[in-house]
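A structural walkthrough
If you want the building blocks of each chain, they are given just below.
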Amino acid sequence: MKLKKLFYPLISIILLLSSCAGSNIDKILKQGNVVQEDFKTTIPFKYVNGWIVLEVEIENKAYNFILDTGHSNLLTKELAEELNSKVLGTEEMSDVNATENTTEYTRIGSIKIGDIDFQNTIASIVDLNKITEIACTKIYGFIGSNLMRKAVWDFDFKNQLITITNDENKLDIPTETIESRMYIGTAGIPALTLQINGEKTLNNTVDFGNSGTNLLRTKYFEEQLEANLIKEYVSGSQKSFGGFGRTEEKPFYHTMIDELKIGNHTVNNIHTRVLTGASNNLGLAFFKNYRVILNWNSKKIKMIEITKAGNDSYRTYGFKTLYEQESVYVNAVVETSSASKSLKNGDKILSINDTNYANITEEQYCNILSNDFDDETDPLSITIFRDGMELTFELLKTQLL
C-alpha cells in the first residue's frame, strides 16, 4: 500500500526573520559577502518530503539544509549550540500564522555551498523539533534569500542540479526565455506581479520552500469569487504549523485558476490552494516545469519551459493527517470528497489498510513521510477511534476539480 500522498506534508514559510518598520534588522539581513570574486559551481540536491535539500559545509563539517527562497537563513537550535553561535540580538517576529514570539539571531561566519564560501550572513535560531514534518527531514537549517541574493542561481529541477555563479553570462541560456521582473522584499525574498484571471495580483512570492502553489490569499480569493472569476471550489478546515507551533483550525480552499500570466507567458487551468493567513506564492508544483534562473542583481527571473504547466486536476481521498503525542489524527476533511462522508477532524487513526497507526512513534511516522511512494488510486480502508468506538470506512480517490 502506497501512502505518501495521504499525509500531505505542509511545505510553506515557517519563520521569516523580519520585524516592524523602522527596525534595524532589515539592514542587518543585507550583511554578508562571497569570498570568491569570480565563481561558478554546480551542485546536486535531493527532494526530501517535498523540500529541496542540499549539503553545505560549516567549520569543516557537512550538514543538510533546506533551500527556501521564501525564507531567510535559519539555524536549528541544536546546530547553533554545536557551533557556539553568538546571539547578536532578538526580534519580535511573527510566523506564517501570525503567531508572535521573540527570536534570537546570529551571524554565520562561513557557510560553503559547493566551492563557494558565503561569509557573515545572518540567520535566525529556531527550535524545529516540535514540528514533526520538519524534524523528519533531518536538516540543520535553511539557506534563505538573504544569502542567495549574493549570487545568480540556476535551477535544473529535472536533473536536480543547481548552478551558482557571480555572472549570468557564464550560463548557457537560450535566446528566447520567459522573463519577468522580480521585486525584492525583506531578507531578499523575491516576488512577482502576476495576472490571475485577468486581474493584477502583487507580491507573489517565488517560494521554492513550498511544494504546492498558493496563488490567492483569502482577500483575492473572495474578490474573485464575488466577480465570478472563480466558478468552483472545495473547502475544509485544518490546523497548520508555523515556526512557533500549530494553530487552531482555520479554513482552506482548493480551486482552479483559469488563466495565469507571468511576464509574456500564459498558463491555463492551474490548481491552487487558498490558506487562511498565508501570502500569495508560486511554489515548486509550478516551477518544476521549468529551468529557472534567479538574478537578484538584475532583479529578473528567467524560465525555460521543460514541460507544460497547467491543465491540472484535483484528485484526493479528501483528508490530511496530524501527528501528535505518538498518535496520528485526521486534521482536515475536504467537502464533497469520499472522506467527507465518514471522517471528522480529530478522529484518531488506528489503521490504514493493513498498517497499524495506533501508538505510532515519530520514527515510524517519519518513515512514512520519507518513503518514495507513487500516487495511490486503489480504495483505501481506514479504521478510526471516535467517541469510544472503532469505526472502519472505505475511501475512494475522486476528482473534485
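Conventions used here
Residues numbered from 1 in each chain as written. Predicted model: local features only at pLDDT ≥ 70, side-chain atom pairs only at ≥ 80, totals over all residues. Heavy atoms only, no water. Helix = DSSP H or I, 4+ residues; strand = E, 2+ residues; numbered from the N terminus. Buried < 20%, exposed > 50% of the residue type's maximum accessible area, 1.4 Å probe, protein only. Contact = heavy atoms within 4.5 Å. Areas by Shrake-Rupley, 256 points an atom, 1.4 Å probe, with all protein chains shown as cover. Pairing = 2+ DSSP bridges. Axes fitted to C-alpha atoms, helices over the stretch in contact; angles between N-to-C directions. pLDDT = per-residue confidence, 0-100. Phe/Tyr/Trp six-rings, centres within 6.5 Å; stacked < 30°, edge-to-face > 60°. Arc of directions from axis to C-beta.

A look at the overall build of the protein chain
Helix and strand counts for the protein chain come out as eight helices and 32 strands. For the protein chain, with 401 residues in total, the buried portion stands at 54%. Taking as baseline every contact in the protein chain between residues at least 6 positions apart, the subset at least 24 positions apart corresponds to 67%. Carbon and sulfur atoms make up 42% of the accessible area of the protein chain, which totals about 17,600 Å².

Focus on the sheet that holds strand S12 (residues 161–165)
Read from one edge of the open sheet, six strands run S2-S12-S11-S23-S24-S13, paired in antiparallel fashion. In this open sheet, the two edge strands, each paired with only one partner strand, are strand S2 (40–44) and strand S13 (178–181). Each neighbouring strand pair of the sheet contributes to a mean axis angle of 15°, computed without reference to strand direction. As judged from the four bridges shared by S13 and strand S24 (residues 300–305), these two strands associate in the antiparallel manner. Its bridge partner lying in S24, serine 180 is registered against isoleucine 301.

As for the environment of glycine 310
Considering the arrangement of structural elements, one finds glycine 310 in the loop between S24 and strand S25 (315–316). Once residues within four sequence positions are removed from consideration, glycine 310 is found in contact with Val267, Asn268, Asn269 and Ile270.

Digging into the pairing of strand S27 (residues 327–333)
Most of S27 sits out of view: six of its seven residues are buried. Where strand S26 (residues 319–324) and S27 come together, six bridges link them in antiparallel fashion. Looking across to S27, one finds that leucine 322 is bridged to tyrosine 329. Linking two consecutive strands that pair antiparallel, namely S26 and S27, is a turn of two residues; a positive phi of about 50° is found at glutamine 325 within it.

What about the confidence of the model for the protein chain?
Mean pLDDT over the protein chain stands at 86; residues scoring 70 or higher make up 87%. Residue range residues 1–15 is modelled with pLDDT below 50. Its contacts to residues more than four positions away, or to other chains, number 72 contacts. Here residues 18–22 scores under 50 on pLDDT; set against residues more than four positions off or in separate chains, the count is seven contacts.

Some remarks on the packing of aromatic side chains
One pass over the structure, following the stated rule, counts 14 aromatic pairs. The interplanar angle of 70° and the centroid separation of 5.3 Å between the aromatic rings of phenylalanine 208 and phenylalanine 287 together place this pair among those described as edge-to-face. One end of the pair, phenylalanine 208, is in the loop between strand S16 (199–206) and helix H6 (218–226); the other, phenylalanine 287, is in helix H7 (residues 284–287), and 79 residues separate them in sequence. In terms of burial, phenylalanine 208 and phenylalanine 287 fall into one category: buried. An aromatic cluster of three or more residues is present, and its members are Phe118, Trp153, Phe155, Phe157, Phe208, Phe286, Phe287 and Tyr290.

Re the side chain of serine 337
As for its placement among the helices and strands, serine 337 is situated in the loop between S27 and strand S28 (348–352). Residues within four places of serine 337 in sequence aside, it is in contact with Tyr317, Gly318, Thr398 and Leu400.

Considerations on H6
Thr218, Tyr220, Phe221 and Gln224 are the residues of H6 that are buried. Viewed along the axis of H6, the buried residues span an arc of 165°, placing them on a single side of the element. Away from its buried face by more than 90 degrees, H6 exposes Lys219 and Glu226. On the buried face of H6, the contacting elements are strand S15 (190–196), S16, strand S17 (233–238), strand S20 (250–262) and strand S21 (265–275).

Quick word on unusual backbone geometry
In this model, asparagine 60 sits at a positive phi of 65°, which is unusual for a non-glycine residue. Topologically, asparagine 60 is positioned in the loop between strand S4 (51–58) and strand S5 (61–67). Residue asparagine 60 is classed as exposed on the basis of its relative accessible area of 72%. The phi dihedral of asparagine 353 is positive, around 55°, even though this residue is not glycine. The residue asparagine 353 is located in the loop between S28 and strand S29 (355–356) in this model.

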